[in-house]
Amino acid sequence: MRKDVRILLVGEPKVGKTSLIMSLVSEEFPDEVPLRAEEITIPADVTPERVPTHIVDYSEAEQSEEQLYQEISKANVICIVYSVNNKKSIEKVTSHWIPLINDRTDKDSRVPLILVGNKSDLVEHSSMETILPIMNQYQDIETCVECSAKNLKNISELFYYAQKAVLHPTGPLYCPEEKELKSSCIKSLTRIFKVSDLDNDGILNDNELNFFQRTCFNTPLAPQALEDVKNVVRRNMTDGVKDNGLTLKGFLFLHTLFIQRGRHETTWTVLRRFGYDDDLELTQEYLFPLIKIPPDCTTELNHNAYLFLQSVFDKHDKDRDCALSPEEVKDLFKVFPYVPWGPDVNNTVCTNDQGWITYQGYLSQWTLTTYLDVQRSLEYLGYLGYSIIYEQESQAAAITVTRNKRIDLQKKQTQRSVFRCNVLGERGSGKTGFLQAFLGRNLQRQKRIREDHKSLYAISTSYVYGQEKYLLLHEVMPDFDFLSDADLSCDVVCLVYDINNPSSFEYCAKVYKQYFIDSKTPCVVIAAKSDLHEVRQHYSLSAYEFCRKHKLHPPQPFTCNTTEAPNKDLYTRLTTMAMYPHSRPCCVCACNKCTYCLCQNFLKLELLRSIKAQLRRVIFNRFSYTNLRLALFLLLLHVFTFC
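Residues numbered from 1 in each chain as written. Predicted model: local features only at pLDDT ≥ 70, side-chain atom pairs only at ≥ 80, totals over all residues. Heavy atoms only, no water.

For the protein chain, the name recorded in an unreviewed UniProt entry is Mitochondrial Rho GTPase, with Cynoglossus semilaevis as its organism. Turning to the protein chain, the UniProt annotation filed under Sequence similarities (unreviewed entry) states: "Belongs to the mitochondrial Rho GTPase family." Under the UniProt heading Function (unreviewed entry), the note attached to the protein chain is "Atypical mitochondrial nucleoside-triphosphatase (NTPase) involved in mitochondrial trafficking. Probably involved in control of anterograde transport of mitochondria and their subcellular distribution. Can hydrolyze GTP, ATP and UTP." (UniProt positions renumbered as here; feature names shortened; annotations may be inferred.)

If you want it as C-alpha cells, here you go:
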C-alpha cells in the first residue's frame with residue numbers, strides 16, 4: 001500500500017474548496033475564509049487507513065496554470081468541487097476540469113476523481129440526477145459525495161472516500177459497464193485461490209477458508225459465519241459451492257459482491273497480502289526479498305523449505321506414483337506467469353522410465369536453482385506462496401547461507417549439503433555420459449536424448465557416512481583459454497579423458513597445470529570409456545605417471561556402456577572428496593583395488609582406537625602365552641596401520 005496519500009481540491013471560484021478543508025481541520029465552519037488554505041498533513045494515527053494524508057487547495061486567484069499543472073501531476077486523487085446550487089459550476093466539471101486533468105495525466109495511469117457537491121445545506125433537492133450520467137461517462141470517477149462545509153455534513157466521509165480511492169481503487173478490479181471483474185483481477189484471485197487450496201481439490205473447505213481468513217484478516221471465521229458466506233453464494237449461483245466447500249467461481253463471485261457493495265478494501269487486503277501492487281503485479285519486494293550472500297558462501301534450502309516443497313509435490317502428484325507427469329507439472333506451474341522449467345530439466349535430474357521427474361529429481365532441481373541462482377529460487381517460492389503458507393516475513397526465511405569455505409577448511413568440517421563438481425575434458429571425451437550416468441542412465445538411454453534437450457548440469461543425492469548430500473556436476477565447455485572464475489570455482493574437479501583417443505589426456509594435463517596445480521581444490525582424473533581398448537596417449541607422461549608425479553589419485557576407470565544403470569561408487573567418492581578437501585591421498589598405487597585413499601585416514605584412526613582398546617584389555621588380563629602372542633600380534637598390527 002502507498003506510504004502516503006496526496007489529495008488535491010480543484011473547482012470554480014466560490015464553490016467552497018477552502019471551506020471544506022478548514023471545516024475538516026477545525027471541525028467548525030470558519031467565520032473568515034482565506035483565498036486558499038495552506039497544505040495540511042493529517043497524521044497516520046488519525047486516519048481510518050493509518051496512512052499520512054496531505055490535502056492541497058487550489059486557488060485561481062493566487063496560483064498560475066503552471067502551478068495547477070504541477071499539483072495535478074503530484075496528486076494521487078483529485079476532488080472536483082462544485083456547488084449544488086450553481087449549474088454553471090456543474091457544467092464546468094465536464095467542459096473544463098475533467099478534460100484539463102486528463103490532458104495532464106498519462107492515459108495508462110489516470111488519477112482517480114471524486115465529484116464533490118458542496119453547499120447541500122442551501123438546497124432541498126439532490127444533484128445526483130445530473131451527476132450520475134457524468135459518472136457513467138467517465139470511468140476515472142470513483143464516486144460522488146454531497147456535503148456541506150457549513151453543517152459539517154459528510155466532510156470526514158469525503159476525505160475518507162478520497163483516501164480510499166487511492167488505497168483501494170476500483171479501476172484495476174472491476175468493470176462497471178459489464179458489471180464483472182477485470183481479467184487481470186480474475187487472474188490474480190485465481191492464483192490466490194490455488195495457493196490457498198492446500199489439497200488441490202479445486203475446493204476451499206472450512207479449514208482452508210479459515211486459514212485464508214486468518215492469513216488475510218488475522219481472525220478466523222465462526223462456524224455460523226462460514227455457513228452464512230456459503231449460503232450467500234448458493235443463493236446466487238449453482239456451482240459456487242461444492243461438497244460444502246467454496247469453488248473458484250464462488251470465490252470470484254464473493255469478491256465481485258464485495259466490490260459492488262463498495263467494500264473494495266476487502267479484495268485489496270487479500271491482494272496485497274498475497275504480494276500484489278496497485279497494478280495487480282507481484283511487487284519486487286515480495287518476489288525478491290533482500291538476502292546478503294558474502295563471498296565464498298553458497299545458498300541452500302533449509303529444512304522448512306524442503307517440507308514446503310514436499311507438500312507442493314504431494315499436492316500435485318494426484319496419481320501418487322512419486323513422479324510428476326507433464327499434466328501435473330503444468331498444473332503445478334499454473335500459479336506462475338510463465339513455465340520456469342524447460343525440457344532440459346528432465347536431463348538434469350532423475351526421472352522415471354517414462355521420463356517424468358521423480359520426487360528426488362524434483363527436490364534436486366529446486367536445490368540446483370537455489371545454489372546457482374538464489375534470486376530465481378526466491379521468485380519461484382514467491383509464486384507458490386511460501387511466506388504466506390508458512391507465515392514468514394518473506395521467502396528469504398527458506399534460504400540458508402553457508403559459512404565461508406575458508407572456515408570449513410580451517411575447521412576441517414562443513415555443514416553444507418550441496419557440493420559442486422566441475423567436469424572438464426576435451427570435446428568427445430565422455431563428459432556428458434559421465435553426467436547422465438550419475439542420473440542412472442546407461443549409454444542406451446542417453447542415445448534417446450535430443451540434442452536441444454541436453455543439459456550442462458546433473459544433480460542428485462549421494463550418501464557419505466550415512467549423510468544425504470547433493471552432488472552437482474557441471475560440464476565445463478572445453479575452451480582452455482577462456483575458463484572463467486565460475487568454471488574454476490567448485491568443491492572438486494573431474495578431469496575426463498577418453499582412453500581410446502591418444503590425444504585426449506593432453507587437455508586434462510594442461511588444464512591441471514594451468515589452473516589447479518597450486519589450488520586446494522581436490523582433483524580426480526577420470527579414464528572414461530573404459531570398456532574400450534586403451535591406447536597410448538601422445539602426452540609425454542601416461543595418465544598414471546602424471547597422477548603419481550602430482551600426487552593425485554590414480555585415474556578412475558569409468559564407463560556408462562552397461563546393461564544396467566551405471567555404478568555410482570565413483571560419485572560417492574567425489575562427494576566425499578568435496579566434503580573433506582583437506583584430506584590427501586595416503587598412497588598412490590596402480591592396482592585401483594585398495595580401499596579408497598581418501599577414506600584411509602578416517603579408517604586408520606578408527607582401527608587404531610580399536611587396537612589400543614584391545615591392547616589395554618590384554619595387558620591388564622592375567623599373564624599367559626596366549627595373551628602374550630595376542631599382544632604381540634596387536635602391536636605389530638598397530639605399527640603396520642600407523643605406517
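From this point, things continue past the structure.
(A) Seen up close, the overall build of the protein chain. A tally of regular secondary structure across the protein chain gives 25 helices and 20 strands. Of the roughly 33,000 Å² of accessible surface on the protein chain, 50% is carried by carbon and sulfur atoms. (Helix = DSSP H or I, 4+ residues; strand = E, 2+ residues; numbered from the N terminus. Areas by Shrake-Rupley, 256 points an atom, 1.4 Å probe, with all protein chains shown as cover.)

(B) Region of the structure containing the packing of helix 2 (residues 65–74) against helix 3 (residues 87–103). The N-to-C vectors of helix 2 and helix 3 enclose an angle of 65°; their axes lie 10 Å apart at closest approach. Viewed along their axes, helix 2 and helix 3 adopt a mutual orientation that is roughly perpendicular. The chirality of how helix 2 crosses helix 3 is right-handed. Where helix 2 approaches helix 3, its residues Leu68, Tyr69 and Ile72 are matched on the opposing element by Trp97, Leu100 and Ile101. Among the residues making up the contact of helix 2 with helix 3, the classes are represented as 6 nonpolar, no polar and no charged. (Axes fitted to C-alpha atoms, helices over the stretch in contact; angles between N-to-C directions. Parallel < 35°, antiparallel > 145°, perpendicular 65-115°, else oblique. Left-handed = near helix turned anticlockwise from the far one by under 90°. Contact = heavy atoms within 4.5 Å. Nonpolar A, V, L, I, M, F, W, Y, C, P; charged D, E, K, R; others polar.)

(C) Local environment of the pairing of strand 17 (residues 467–475). Counting buried positions along strand 17 yields 7 of 9 residues, so the element is predominantly enclosed. The pairing of strand 15 (residues 418–425) with strand 17 spans 6 bridges and is parallel. Paired with Val418 across the two strands is Tyr470, which belongs to strand 17. With 8 bridges joining them, strand 16 (residues 457–464) and strand 17 adopt antiparallel strand pairing. For Ser460, the partnering residue across the bridge sits in strand 17 and is Leu471. Between the end of strand 16 and the start of strand 17, which pair antiparallel, lie 2 residues, with Tyr465 showing a positive phi angle near 50°. (Buried < 20%, exposed > 50% of the residue type's maximum accessible area, 1.4 Å probe, protein only. Pairing = 2+ DSSP bridges.)

(D) Quick peek at the pairing of strand 18 (residues 492–498). In terms of burial, strand 18 is largely enclosed, as 7 of its 7 residues are buried. Across the two faces of strand 18 the burial is the same, with Val492, Cys494, Val496 and Asp498 and Val493, Leu495 and Tyr497 all buried. The pairing of strand 18 with strand 19 (residues 523–528) spans 6 bridges and is classified as parallel. Residue Leu495 lies in a different strand from strand 19, and its bridge partner there is Val525. Taken together, strand 18, helix 21 (residues 504–516) and strand 19 constitute a β-α-β crossover, and its handedness is right-handed. (Right-handed = clockwise from strand over helix to strand, strands pointing away.)

(E) Spatial organisation of the pattern of salt bridges. Evaluation of the coordinates by the stated rule reveals 21 salt bridges. One salt bridge connects Glu71 with Arg6, and the closest N-O pair in it is separated by 3.3 Å. Taken together, the residues Glu71 in helix 2 and Arg6 in strand 1 (residues 5–11) connect sequence positions 65 residues apart. Asp408 is paired through a salt bridge with Arg403; the nearest N and O atoms lie 2.5 Å apart. We classify Asp408 as buried; its relative accessible area is 7%. Note on Arg403: relative accessible area 24%, which makes it partly exposed. A cluster of three or more residues bridged by salt bridges with shared partners is formed by Arg403, Lys405, Asp408, Arg416 and Asp491. (Salt bridge = Lys/Arg side-chain N within 4 Å of Asp/Glu carboxyl O.)

(F) Geometry of the sheet that holds strand 16. Strand order in the open sheet formed by 6 strands is 16-17-15-18-19-20, with mixed pairing between adjacent strands. The sheet is open, and its two edges are formed by strand 16 and strand 20 (556–558), each paired on a single side. Neighbouring strand axes in the sheet, compared pairwise and without regard to direction, differ in orientation by 30° on average. Helix 14 (residues 359–372) rests against strand 15, strand 16 and strand 17 of the sheet, and its axis sits at about 110° to strand 16.

(G) Broad picture of the side chain of Thr267. Note on placement: Thr267 falls in helix 10 (residues 264–273). Contact partners of Thr267, with chain neighbours within four places excluded, come to Leu173, His255, Phe258 and Ile259.

(H) Geometry of the packing of aromatic side chains. Taken as a whole and assessed by the stated rule, the structure comprises 27 aromatic pairs. Their ring planes at 90° and their centres at 6.3 Å tell us that Tyr338 and Tyr383 sit as a pair that is edge-to-face. Placement of Tyr338 in the loop between helix 13 (326–332) and strand 13 (357–358) and of Tyr383 in helix 15 (residues 374–384) is noted, with a sequence separation of 45 residues between them. For the pair Tyr512 and Phe546, a centre-to-centre distance of 5.8 Å together with 80° between the ring planes defines the contact as edge-to-face. One end of the pair, Tyr512, is in helix 21; the other, Phe546, is in helix 22 (residues 543–549), and 34 residues separate them in sequence. Exposure class is identical for Tyr512 and Phe546. Each is buried. (Phe/Tyr/Trp six-rings, centres within 6.5 Å; stacked < 30°, edge-to-face > 60°.)

(I) Just helix 7 (residues 206–217), in detail. When the terminal C-alpha atoms of helix 7 are compared, their 16 Å separation across 12 residues agrees well with the 16 Å that a helix rising 1.5 Å per residue should span. Among the residues of helix 7, those classed as buried are Glu208, Leu209, Asn210, Phe211, Phe212, Gln213, Thr215 and Cys216. Residues of helix 7 that are buried make contact with helix 6 (183–196), helix 8 (223–236), strand 10 (245–246), helix 9 (248–260), helix 10 and helix 16 (386–389). Near the N-terminus of helix 7, the side chain that reaches the backbone nitrogen of Asn207, with its oxygen 3.1 Å away, is that of Asn205. (Expected span 1.5 Å × (residues − 1). Polar contact = N/O pair within 3.5 Å; in protein donor to acceptor, adjacent residues only side chain to side chain.)

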